[in-house]
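Remarks on the overall topology
Here's the letter readout for the chains.
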Amino acid sequence: MHRSAPRLARILACAAVPVMLVVAGCSSDSDGGKKDDASSAAPKPSKTEPAVAPARFAELPEPCESVSAKTVTSLVPSVKTKSGTRSKSSDAAARGGCSWNGLDDNGVKGSQYRWLDVGFTRAASDQALGSGADRAAEDYKKQVAKAQAAEGAKKLATVPVAGIGEQATAITYDLSKTGEDFKYATVIARTGNVVVTVNYNGAGYAGAKTPSGADILKGAEKAAKEAVASVADANEGAKTAPSGSPKPSASAKTG
């Protein structure tokens with residue numbers, strides 16, 4: 001069959017170039033010169049953020065019941081209010097506290113004053129902020145730093161404490177106020193996503209002997225052990241939501 005001169009010239013020109021160029025430039029006109037862009041149109045896999053670990057504890061204990069009545073009586077002789085004075089909180093599921101104080105008056109032999117305070121803070125797991133345990137660990141560091149910065153503290157010492165929660169630190173110091181020498185001990189402990197802070201101090205009035213620093217520290221550690229144990233007791237049998245959000249608790253209802 002007779003072919004036109006331009007058509008024949010094109011065929012001869014393509015035959016004279018390498019095969020790879022022929023494939024690229026001399027293909028059939030049926031595709032109209034369009035490229036296959038299927039690969040570029042394929043969707044890219046999206047990145048999925050790993051889910052944070054759920055918070056271990058969903059509730060806080062009733063602060064004024066976190067230390068046994070027997071321990072309160074032994075640490076705070078002649079305690080004014082045995083049931084304790086609960087601190088105010090706008091969110092009882094996240095923070096709470098209770099304190100006791102008493103003056104044991106021995107007449108001409110002087111008097112002994114004692115003050116005990118227990119505080120709790122709970123961190124929930126948050127996809128943007130991290131797990132409850134990690135957030136509590138940060139709060140734990142802040143609480144330790146705060147205790148170490150006590151204004152007017154003398155002979156301040158910081159020591160690690162074993163056997164109370166997952167990590168614990170004790171800060172002891174002397175402080176003069178109201179004309180008397182006080183001995184202070186603060187024990188800060190973390191259990192899961194909850195931080196427990198116990199403050200215990202005392203002084204001798206009207207010539208009474210100043211309590212020993214060792215006795216004050218021992219008392220603070222005893223109260224801290226009970227307070228940490230009360231966190232687990234308050235959550236016994238309770239299921240923690242994956243998001244770490246607390247369930248309504250009795251303390252929350254009364255707060």
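See the structure shown above.
Here we summarise the structure given alongside this text.

Cut-off values and rules
All residue numbers refer to position in the chain's written sequence, counted from 1. Reporting of local features is limited, given that this is a predicted model, to residues whose pLDDT is at least 70; pairs of side-chain atoms are given and counted only at 80 or more, and all residues count toward the totals for whole chains, interfaces and linings. Just so you know, side-chain values use all the structure's heavy atoms and leave hydrogens and water out. When a residue's accessible area, from a 1.4 Å probe over protein chains only, is under 20% of the maximum for its type it is buried; when over 50% it is exposed; and in between it is partly exposed. Here a helix means four or more residues in a row that DSSP labels H or I, a strand means two or more in a row labelled E, and each is numbered from the N terminus. Note on pairing: two strands pair once DSSP finds at least 2 bridges between them. Here, the term disulfide refers to a pair of cysteine sulfur atoms separated by no more than 2.5 Å. Take the number of residues in a helix, subtract one, and multiply by 1.5 Å to get its expected span. By definition, the arc is the one covered by directions from the helix axis to the C-beta atoms. Any two residues whose heavy atoms approach within 4.5 Å at even a single point are treated as in contact. Pairs of N or O atoms within 3.5 Å make up the polar contacts considered here, provided that, within protein, one atom can donate a hydrogen while the other can accept it, and that residues adjacent in sequence are counted only when both atoms are side-chain atoms. Among buried residues, the Ala, Val, Leu, Ile, Met, Phe, Trp, Tyr and Cys ones that are joined through side-chain atoms within 4.5 Å form a nonpolar core. Pairs were defined over the aromatic rings of Phe, Tyr and Trp, the Trp ring being its six-membered one, requiring ring centres within 6.5 Å. Orientation was assigned from the angle between planes: stacked under 30 degrees, edge-to-face over 60, tilted for the rest.

This part is about the pairing of strand β5 (residues 167-177). Along β5, eight of the 11 residues are buried, which leaves the element largely enclosed by surrounding structure. Pairing geometry for strand β4 (residues 154-160) and β5, over five bridges, is antiparallel. If you follow Ala 157 over to β5, its bridge partner there is Thr 172. Where β4 folds back on β5, the antiparallel hairpin that results is connected by six residues, among which Gly 163 adopts a positive phi of roughly 85°. In this structure, the hairpin formed by β5 and strand β6 (residues 180-191) is closed by a connection of two residues, where Thr 178 is found at a positive phi of approximately 50°.

Take the state of the cysteines next. Per the counting criterion, the structure on display carries one disulfide. In this model Cys 64 forms its disulfide with Cys 98; the gap between the sulfur atoms is 2.1 Å. Its torsion about the S-S bond being 100°, the disulfide of Cys 64 and Cys 98 is classed as right-handed. Here the residue Cys 64 occupies a position in the loop between α3 (38-41) and α4 (69-75), and Cys 98 occupies one in strand β2 (residues 95-105), the gap between them amounting to 34 residues. There is no split in this pair, since Cys 64 and Cys 98 are both buried.

Take helix α6 (residues 213-234) next. The terminal C-alpha atoms of α6 lie 32 Å apart, and with 22 residues this matches the ideal 32 Å at 1.5 Å per residue to within 8%. Within the span of α6, buried status applies to Ile 216, Leu 217, Gly 219, Ala 220, Ala 223, Ala 224, Ala 227, Val 228, Ser 230 and Val 231. Buried residues in α6, looked at end-on, bunch into an arc of 165°, giving them a common side. In α6, the exposed positions angled more than 90 degrees off the buried face are occupied by Ala 214, Asp 215, Lys 218 and Asp 233. Among the structural elements, α4, β3 (111-122), β5, β6 and β7 (194-205) are those in contact with the buried residues of α6.

This paragraph deals with the side chain of Ser 125. Secondary-structure assignment places Ser 125 in the loop between β3 and α5 (132-148). At 3.1 Å, the side chain of Ser 125 forms a polar contact with the backbone nitrogen of Ala 55.

Before going further, it helps to spend a moment on the sheet that holds β3. Taken together, seven strands build an open sheet; the order of strands is β1-β2-β3-β7-β6-β5-β4 and the sheet is antiparallel. Every other strand in the sheet has two partners, leaving β1 (85-86) and β4 as the edge strands with one partner each. In this sheet, β2 lies alongside β1 in antiparallel orientation, the contact comprising two bridges. Bridge pairing links Arg 86 to Cys 98 in β2.

Before going further, it helps to spend a moment on the nonpolar core. Ranked by size, the top nonpolar core spans 32 residues in total, and within it Trp 100, Leu 116, Val 118, Phe 120, Ile 164, Val 196 and Val 198 carry the most contacts. For this core, the secondary-structure elements that each account for two or more residues are α4, β2, β3, β5, β6, β7 and α6. Of the residues forming this core, the biggest block, eight residues, is contributed by α6. Val 144, Tyr 173, Leu 175 and Tyr 184 belong to the second-largest nonpolar core, a separate cluster that totals 13 residues.

This part is about the packing of aromatic side chains. Applying the stated criterion across every chain, the model contains five aromatic pairs. Seen in terms of ring centroids, Tyr 173 and Tyr 184 are 5.0 Å apart; in terms of plane orientation they differ by 10°. Their pairing is stacked. Taken together, the positions of Tyr 173 in strand β5 and Tyr 184 in strand β6 put the pair 11 residues apart, joining distant regions of the chain. As far as burial versus exposure is concerned, Tyr 173 and Tyr 184 are alike and both buried. Ring geometry for Phe 182 against Tyr 184: centres 6.2 Å apart, planes inclined by 40°, an arrangement best described as tilted.

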